[in-house]
Protein chains: 2
Amino acid sequence: MTMEEMGIRAKKASHKLASFSSAVKDRCLLAAADQLITSTQEILEANALDLKSAQEKQMPASLVDRLRLTGQRIEQMALGMRQVAALHDPVGETVYSTVRPNGLQIRQVRVPLGVIGIIYESRPNVTADAFALCFKSGNAVILRGGSDAIHSNLAIAKALNRAVAEVCGDIAALQILEDTSRELAGQMMRMNRYLDVLIPRGGAGLIRSVVENSTVPVIETGTGNCHVFVDASADIDMAVNIIINAKTQRTGVCNACESLLIHRSIADRALPAIARALGEKGCQLRGDQDSRNIDASIVPATEDDWGREYLDLIASVKIVDSLDQAIDHINTYSTGHSETIVTNDYNSARRFLDEIDSAAVYVNASTRFTDGFEFGFGAEIGISTQKLHARGPMGLRELTTTKYVICGNGQVRP
Amino acid sequence: MTMEEMGIRAKKASHKLASFSSAVKDRCLLAAADQLITSTQEILEANALDLKSAQEKQMPASLVDRLRLTGQRIEQMALGMRQVAALHDPVGETVYSTVRPNGLQIRQVRVPLGVIGIIYESRPNVTADAFALCFKSGNAVILRGGSDAIHSNLAIAKALNRAVAEVCGDIAALQILEDTSRELAGQMMRMNRYLDVLIPRGGAGLIRSVVENSTVPVIETGTGNCHVFVDASADIDMAVNIIINAKTQRTGVCNACESLLIHRSIADRALPAIARALGEKGCQLRGDQDSRNIDASIVPATEDDWGREYLDLIASVKIVDSLDQAIDHINTYSTGHSETIVTNDYNSARRFLDEIDSAAVYVNASTRFTDGFEFGFGAEIGISTQKLHARGPMGLRELTTTKYVICGNGQVRP
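Presented here is a report on the structure given in the accompanying data block.

What counts and how
- Residues numbered from 1 in each chain as written.
- Chains lettered and ligands numbered in written order.
- Predicted model: local features only at pLDDT ≥ 70, side-chain atom pairs only at ≥ 80, totals over all residues.
- Heavy atoms only, no water.
- Axes fitted to C-alpha atoms, helices over the stretch in contact; angles between N-to-C directions.
- Helix = DSSP H or I, 4+ residues; strand = E, 2+ residues; numbered from the N terminus.
- Parallel < 35°, antiparallel > 145°, perpendicular 65-115°, else oblique.
- Left-handed = near helix turned anticlockwise from the far one by under 90°.
- Contact = heavy atoms within 4.5 Å.
- Nonpolar A, V, L, I, M, F, W, Y, C, P; charged D, E, K, R; others polar.
- Buried area = accessible area lost by both parts, 1.4 Å probe.
- Salt bridge = Lys/Arg side-chain N within 4 Å of Asp/Glu carboxyl O.
- Polar contact = N/O pair within 3.5 Å; in protein donor to acceptor, adjacent residues only side chain to side chain.
- Expected span 1.5 Å × (residues − 1).
- Buried < 20%, exposed > 50% of the residue type's maximum accessible area, 1.4 Å probe, protein only.
- Pairing = 2+ DSSP bridges.

**Here's the deal with the packing of helix α2 (residues 22-38) of chain A against helix α6 (residues 125-136) of chain A**
Residues and elements named next belong to chain A. Running from amino to carboxyl end, α2 crosses α6 at an angle of 165°, the nearest separation of the two axes being 10 Å. It follows that α2 is roughly antiparallel to α6 by the angle criterion. The two elements α2 and α6 cross, and the hand of that crossing is right-handed. Across from K25, D26, C28, L29, A32 and L36 in α2, the residues of α6 making contact are A128, F131, A132, F135 and K136. Here the residues of the contact of α2 with α6 are counted per class, giving eight nonpolar, no polar and three charged.

Here it is in structure tokens:
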């Protein structure tokens, strides 16, 4: 099948999906969860092929681990699918309504986006997760996973599609590219006629490539150079606790802290405590000269460090003279994901929340909470760091758009 | 100044603008309205230069008219600015809030987008209108108008910037490109680091070029191949009235009707009345064979006609066998702008509203109402025909994004 044919099928499916009731969608998701379990053996065999070629390619162990499926991981996927079935369906909600002086009744209602394209890297569970969220919100989806996981992805999609066929009949709600070439991914990025949005999920390189090459509207997800600012009035124990959590609880995630700013008036007391606690966790600090005057074991930072997303046990540290300098620094170097201030000062808290230009701004809490589950959405398809359409964790609501529904009794424009 | 320097200045301005109170923004807009009036002579002299070169280039009269400013048109611009000042400021509204079991207080609040780029064609009043809406919603704006109106645009921007300097001091809230070359427009389309969104306003060619070439997120505005479907149960007088209004009240606008679908069971009675009324307005009909069997004066339509946005006294017409066929036809050929059904049947109305995939769907009213003023938004920056971020008329709310503001007392993630 050509990309164009897949687009036509997806668009047609999206028109049907838009009118499915929540009950039908939920029944299909529960059937899909069952199909995953029933197909465990088939999926594991497919996964074994991917693992074999990963070993032949001498893929690093951490990546092989992301690729690996087990009976337990398949159960997790099925559980995720059941959890999405249990979530509230946002389709049909009225967002805004008005009755105009001429009697026109105008309602803005939530509807599915239509056809969503997702381009992702090695984790095969994305195949199931992305389908669940897109389907629950009434969207057709075209998936393009990485070549490393292609056998696993196809086996998972096959299982899911058995459930779709069983509950919904012949409808192209889920299609997956069997050809993982760059050429086809490039074609997908220019399918404006059929794709309503393209969501890249993966590393910074993948995301940059999609943003650069796509003519389809893109939602950028995921890079996080997150900051913790320890203000002059901070409770030092709380600051240490938040920094340890934000930096070390999980290092490879986008909401982990990468950079520390410390107010000069508290630095003499706060930095040694912070450096000691991070040191115990094996975390390297790279700092400016002022921080190194306080703790000589801090490695000198270069200009490059301020913008780095390490995703590792490394953090940059800088001493600042004021709240203004902290805000300027963050607004200059941040990727606009999540930033936190530790403070006991009302005005510092208020100004930080108002003036920091990021998706999530915190007072006295860890940046690690920027996550669809932690925000109470029940699931997430990614964390948007752009400002258009969705910003921050994206749940089902962010996979919808609206349309205006207008009821008249013969009104014409004067 | 380079494009990069303009971007840096705009980004810096956007951080200041985000914290301006509505009172300050409104004071500035009222001062800008006054400045437009005070600068009438200067603006008209600049406009005379544009009109002179338009005549030298033998620009068509209709385009010259769009370019021409008069004392009255400048008063209109000033009035528009005062009306925007009087609108409700959406910045700071809480869109969603929750308190999590761990005590984290999460609020999603409306904030400005940041820096908005607008690329537009010959109407110089866009310079004032776009500034007013972007400024009121707390955004910095970089404008790139067409070369035809460059003197007028620069004079208007100069007047507006006098008001900005007077009320807000040294802040690059409004910048305009003096160089209208394609090269610079191309650079603007790739300013991802500084521009949060790019809005093209103009003809289909301009919009296509921006969508194709921009790496900055784009909001597509404005092409409308709008349909009126006359259902089997329609009131024929109402149908004629709505069609005449939608097709002929103003032809050059995106919410004008371009295509008529008529249910076979009513076509014998409805089509002659519709054709007669349109004929009296000088409107040509291009139809399928079935429609020509009813009225031989209808010109044969080609496949190309179903997708055309004529923006002229021409409409296509097709006889359909069913509501399903009408919905399929519209979802195939429409640009997703506005469509209306004329019907007395509850189920037809409900299905049309549910299944048509357009920004605005109507029952028994003219498509001409798809407009920010008619929807009660008080103003509009354009009508989005894409699904991401904004769909339909875009007012102040659509020029904002949100951020999550989270207040804790030491929470870390377990």
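Let's pick the thread back up.
**Re the interface of chain A and chain B**
The interface is formed by 74 residues belonging to chain A together with 75 residues belonging to chain B. Here chain A and chain B share an interface that buries about 6,000 Å² over both sides, 52% of which is from carbon and sulfur atoms. If you sort the residues of chain A by the area they bury against chain B, L388, Y404 and R413 of chain A come out on top, with a joint share of 14%. The tally of links between chain A and chain B comes to eight salt bridges. A salt bridge links R413 of chain B to D371 of chain A, with the shortest nitrogen-to-oxygen separation between them at 3.6 Å. Counting every contact that joins chain A to chain B gives 43 residue pairs in polar contact (both at pLDDT 80 or more).

**As for helix α6 (residues 125-136) of chain B**
Residue and element names in this part refer to chain B. A rise of 1.5 Å per residue sets the reference length of α6, with its 12 residues, at 16 Å; its end C-alpha atoms lie 17 Å apart and thus fit the reference within 8%. Of all the 12 residues making up α6, 10 are buried; the element is thus mostly covered by neighbouring parts of the structure. Turning to α6, its buried residues number three or more, namely V126, T127, A128, A130, F131, A132, L133, C134, F135 and K136. Note on α6: the residue one or two positions beyond its end, G138, has a positive phi of about 80°.

**Description of the pairing of strand β16 (residues 400-411) of chain B**
Counting buried positions along β16 of chain B yields 10 of 12 residues, so the element is predominantly enclosed. For strand β13 (residues 360-365) of chain A and β16 of chain B, the ladder comprises five bridges, and the chain directions are parallel. Considered in β16 of chain B, the bridge of A365 of chain A is made with Q411 of chain B. Sheet topology note: the strand β2 (residues 105-112) of chain B/β16 of chain B ladder contains eight bridges and is antiparallel. Each residue of the ladder has a partner; that of R107 of chain B, found in β16 of chain B, is V405 of chain B.

**Concerning the packing of helix α10 (residues 236-248) of chain B against helix α11 (residues 264-280) of chain B**
Residue and element names in this part refer to chain B. Where α10 meets α11, the axes come as close as 10 Å, and the angle between the chain directions of the two elements is 40°. As far as their axial angle goes, α11 and α10 are oblique. Where α10 crosses over α11, the handedness of that crossing is right-handed. Where α10 abuts α11, its residues I236, V240, I243, I244, K247 and T248 lie against I266, R269, A270, A273, I274, A277 and L278. Among the residues forming the contact of α10 with α11, the class breakdown is 10 nonpolar, one polar and two charged.

Take it as geometry only, folks, not as evidence of what the structure does.
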